[in-house]
Amino acid sequence: MKNYIRKIKENKKTFLAMLIILIIGIFLRTYHYDYLLRFGKDQARDAALIQSITEGKVSLPLLGPSMNELAFRLGPIYYYFEFLSAKIFGFTPPALAYPELLFSILTIPMLFFFLKKYFSNLISTALTAVYAVSFYAVQNGRFAWNPNSLMLFSMIFLYAFLELADKNSQKKWPWAVLAGAAFGIGIQLHLLYAAIVGLVFVISAIYLIKNKYLTLKNVVFILLVAFILNIPQVISEIQTRGGNVRAFFSGTGQETQNNISFPTNIFVDMGWHAQADTMFVAPYGSDTKLHIDTLSDSLSGNKNETKAIMKHLADIWYVGLGIILSLAGYILLFYYAYKEKDEKKKFFLQIISLYAVIAFLIFIPLAHMLELRYLLIVQFVPFVLLGLLIKFLEEKVGRWTIYLSLISLALLFAWNINANWSSFQSFLKGKGDPGVAIWGEEKAAGNFILAHSAPNQTIQMVYIPDEATKFVRPLGFFNESIQDYIVSLRDMQVDPPALNKNDAYFALILRKKTERNALKREVKKLNTFHITNSASFGRLEVYKLELIQ
């Protein structure tokens, strides 16, 4: 303890700066947390399960969420975290997301200590400041989703592994426990963690054992801790005679099949990595579309090329600069990994290089389905690359470039804060991304539906435009009788269903004049319902419909 206090006293400015950064990071992650909580169909599905567990209706599962369209399921620790949070704080959808919130906050100091393995206090603090307010990091720390914590557990594993490889480290076992715990948790959060971190672990362990930096006993201990944390999966496999493993091998080929050529996949993979390297530090553009493809489509086929270029000048600048900085960053990563003389720093860069290369190779067959969310596992890499660019400029151009670099990072800091604040205010004003479902609106809309229906009534949602279908399952969280299946009013004209006068009927739209007019037009044309009540909740509008007797 005295040693830590002494270090704080010796680094007062860094400690104070990190404290301020942490406070800002916590504020952004908790601002109007309950209302702005992202609560989509996956979160509603998980919430229904945890509610059943807390009420004693079902037991804790031995397996976790399924992987996309695969029958394969991850380990259950994500559900265990949610269950533990519900037991401590009481069952509410916001409480279920507290573990991801906590992990997102912990990632801030973890990144600082991780970067300190190679960079100075000043550079590590400045880079951590940008991450603390990073738009994508903040937004992903504000809702429950199993991949959100991949960055934290990846860094914990790598940090502990670096400590194990340190010949001067006196006590190895605490680092082996930490590495094993991070590995055991991470492989239950996503298959990408198991593939990328697992390969880094195996390759690094072989190299370190061969060069006597690590003992086989340390490796076995890491695996033992990871195994203990995954015992529920083992029990499940015994009970089902390997059912989950069979599901993995039967479904993996389908997930990676595509008609795109291998060279094209490589270029798409490169494009997504460059986009991730920029979007994780600068909030610009779509996280579901490859910017370079979108830009190419926008520029091609235009008769006036000059006008088209001027119109998309900001996009061209962003994409071009992103590719250049990403390419330069990786070149410097490999360059310094080869050149570095300090043994500890050299291994830090080598393990980051290995991690980045393995991640790139793993993503090649998945290139056709990539989105930014898949690259959360490499979210810390851009900050290492930025640090190396600053180091290179300082060495080759002069010490004064450090101040230019700090000004650039300050601008990124301000840009990210503005993006986060604008996003918050947009949702609070009833606007915001229509693709994001938030708890505050859903809770209010759900309460309206319950207030205008009897306790035992079946609730039918008979009109929801495609844009609003994502809200159905979250609304069903309020009342199990709210139907996921939607009979559109337009379909009723062709094939009228049997309507029950004892049911409660509602329509839901996103609050737009065109959708409001379309709903009223369909109701009038069908002549089966009339609107008796309606209310607006942020972006949502809910209409109570009564059958015409």
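Residues numbered from 1 in each chain as written. Predicted model: local features only at pLDDT ≥ 70, side-chain atom pairs only at ≥ 80, totals over all residues. Heavy atoms only, no water.

Caption draft 1: View of unusual backbone geometry. The backbone of His32 shows a phi angle near 45°, a positive value even though the residue is not glycine. Among the structural elements, His32 can be located in the loop between helix H2 (12-30) and helix H3 (33-36). With a relative accessible area of 41%, His32 lands in the partly exposed category. Residues other than glycine seldom take positive phi values, yet Lys212 does so here, at roughly 60°. (Helix = DSSP H or I, 4+ residues; strand = E, 2+ residues; numbered from the N terminus. Buried < 20%, exposed > 50% of the residue type's maximum accessible area, 1.4 Å probe, protein only.)

Caption draft 2: Structural context of the packing of helix H5 (residues 77-89) against helix H11 (residues 173-189). Following both chains from N to C, one finds H5 and H11 inclined at 100°, their axes separated by 8 Å at the closest point. One finds that H5 runs roughly perpendicular with respect to H11. Contacts between H5 and H11 involve Ile77, Tyr78 and Phe81 from the first element and Ile185, Gln188 and Leu189 from the second. When its residues are assigned to classes, the contact of H5 with H11 shows 5 nonpolar, 1 polar and no charged. (Axes fitted to C-alpha atoms, helices over the stretch in contact; angles between N-to-C directions. Parallel < 35°, antiparallel > 145°, perpendicular 65-115°, else oblique. Contact = heavy atoms within 4.5 Å. Nonpolar A, V, L, I, M, F, W, Y, C, P; charged D, E, K, R; others polar.)

Caption draft 3: Molecular detail of the environment of Leu96. Note on placement: Leu96 falls in helix H6 (residues 93-96). Note on Leu96: relative accessible area 3%, which makes it buried. Residues Leu96 and Phe143, spaced 47 residues apart in sequence, show a C-alpha to C-alpha distance of 8.6 Å. Sequence-distant contacts of Leu96, defined by excluding residues within four places in its chain, comprise Ala47, Ile50, Glu82, Ser85, Ala86, Phe91 and Ala144.

Caption draft 4: Quick look at the packing of helix H13 (residues 216-229) against helix H14 (residues 231-240). Close contact between H13 and H14 brings their axes to 4 Å; oriented N to C, the two are set at 65°. Counting all contacts with H13, which are made through Phe227, Ile228 and Leu229, the residues of H14 involved are Ile231, Pro232 and Val234. For the contact of H13 with H14, the residue count by class is 6 nonpolar, no polar and no charged.

Caption draft 5: Representation of the side chain of Glu163. Tracing the chain through its elements places Glu163 in helix H10 (residues 150-164). Within polar-contact distance, the side chain of Glu163 engages the side chain of Lys117 at 2.3 Å. (Polar contact = N/O pair within 3.5 Å; in protein donor to acceptor, adjacent residues only side chain to side chain.)

Caption draft 6: The arrangement of the sheet that holds strand S3 (residues 529-537) in detail. The strand order S1-S2-S4-S3 describes an open sheet built from 4 strands, whose pairing is mixed. Of all the strands in the sheet, just strand S1 (459-463) and S3 have a single pairing partner and so form its edges. Sheet twist, expressed as the mean angle between neighbouring strand axes with direction ignored, is 30°. Relative to strand S4 (residues 540-547), strand S2 (residues 504-510) runs antiparallel, the two sharing 6 bridges. Pairing of Leu510 across the sheet is with Leu540, part of S4. Most of the contacts of helix H23 (residues 439-451) go to S3, to which it runs at about 145°, and overall it touches S1, S2, S3 and S4. (Pairing = 2+ DSSP bridges.)

Caption draft 7: Looking closely at the pattern of salt bridges. On inspection of all chains with the given rule, the structure shows 11 salt bridges. Two residues, Arg45 and Asp46, come together in a salt bridge whose shortest N-O distance is 3.0 Å. For Arg45, a relative accessible area of 32% gives the class partly exposed. With a shortest N-O distance of 2.9 Å, Glu371 and Arg373 are connected by a salt bridge. Several salt bridges converge on common partners, so that one network encompasses Asp42, Arg45 and Asp46. (Salt bridge = Lys/Arg side-chain N within 4 Å of Asp/Glu carboxyl O.)

Caption draft 8: Quick peek at the nonpolar core. Membership of the largest hydrophobic core comes to 120 residues, with the highest contact counts inside it found for Phe157, Phe161, Tyr355, Phe363 and Phe380. No other element matches the 13 residues that H10 contributes to this core. If near-sequence neighbours (up to four positions away) are discounted, Phe157 is found in contact with Ala179, Ala182, Phe183, Tyr193, Val197 and Phe201. In this structure, Ala437, Ile449, Leu508 and Phe537 belong to the second largest nonpolar core, which totals 18 residues. (Core = buried A, V, L, I, M, F, W, Y, C linked by side-chain atoms within 4.5 Å.)

Caption draft 9: Up close: the pairing of S1. With 4 of 5 residues buried, S1 lies mostly within the body of the structure. Inspection of the sheet shows S1 paired to S2 by 4 bridges, in the parallel sense. The residue bridging Ile459 from the neighbouring strand is Ala504, located in S2.

Caption draft 10: Representation of the side chain of Ser236. Note on placement: Ser236 falls in helix H14. On the basis of relative accessible area, Ser236 is assigned to the buried category, the value being 6%. Setting aside anything within four residues of it in sequence, one finds Ser236 in contact with Leu62 and Leu63.

Caption draft 11: Local environment of the confidence of the model for the chain. Per-residue confidence for the chain gives a mean pLDDT of 87; residues scoring 70 or more make up 90%. For the chain, the element scoring lowest by mean pLDDT is helix H25 (residues 489-494), at 60; helix H7 (residues 98-115) scores highest, at 97. (pLDDT = per-residue confidence, 0-100.)

Caption draft 12: How the structure looks around H10. Relative to the 21 Å expected for 15 residues at 1.5 Å per residue, H10 spans 21 Å between its end C-alpha atoms, a close match to the ideal helical length. By the criterion of burial, H10 is predominantly enclosed, with 15 of the 15 residues buried. (Expected span 1.5 Å × (residues − 1).)

Caption draft 13: Representation of a nonpolar patch on the surface in the model. Judged by side-chain polarity, Trp173, Val177, Phe221, Leu224, Phe227, Ile228, Ile231 and Ile235 come together as a nonpolar surface patch covering roughly 710 Å² of accessible area. Here the nonpolar patch takes 4 residues from H13, the largest share from any one element. (Patch = residues over 30% accessible without salt bridge, like charges linked within 9 Å, V, L, I, M, F, W, Y side chains within 5 Å. Areas by Shrake-Rupley, 256 points an atom, 1.4 Å probe, with all protein chains shown as cover.)

Caption draft 14: Highlighting the pairing of S3. Of the pairings in the sheet, the one linking S3 to S4 comprises 8 bridges and is antiparallel in character. Each residue of the ladder has a partner; that of Asn533, found in S4, is Lys544. Hairpin connection of S3 to S4: 2 residues between the antiparallel strands, including Gly538 at a positive phi of 65°.

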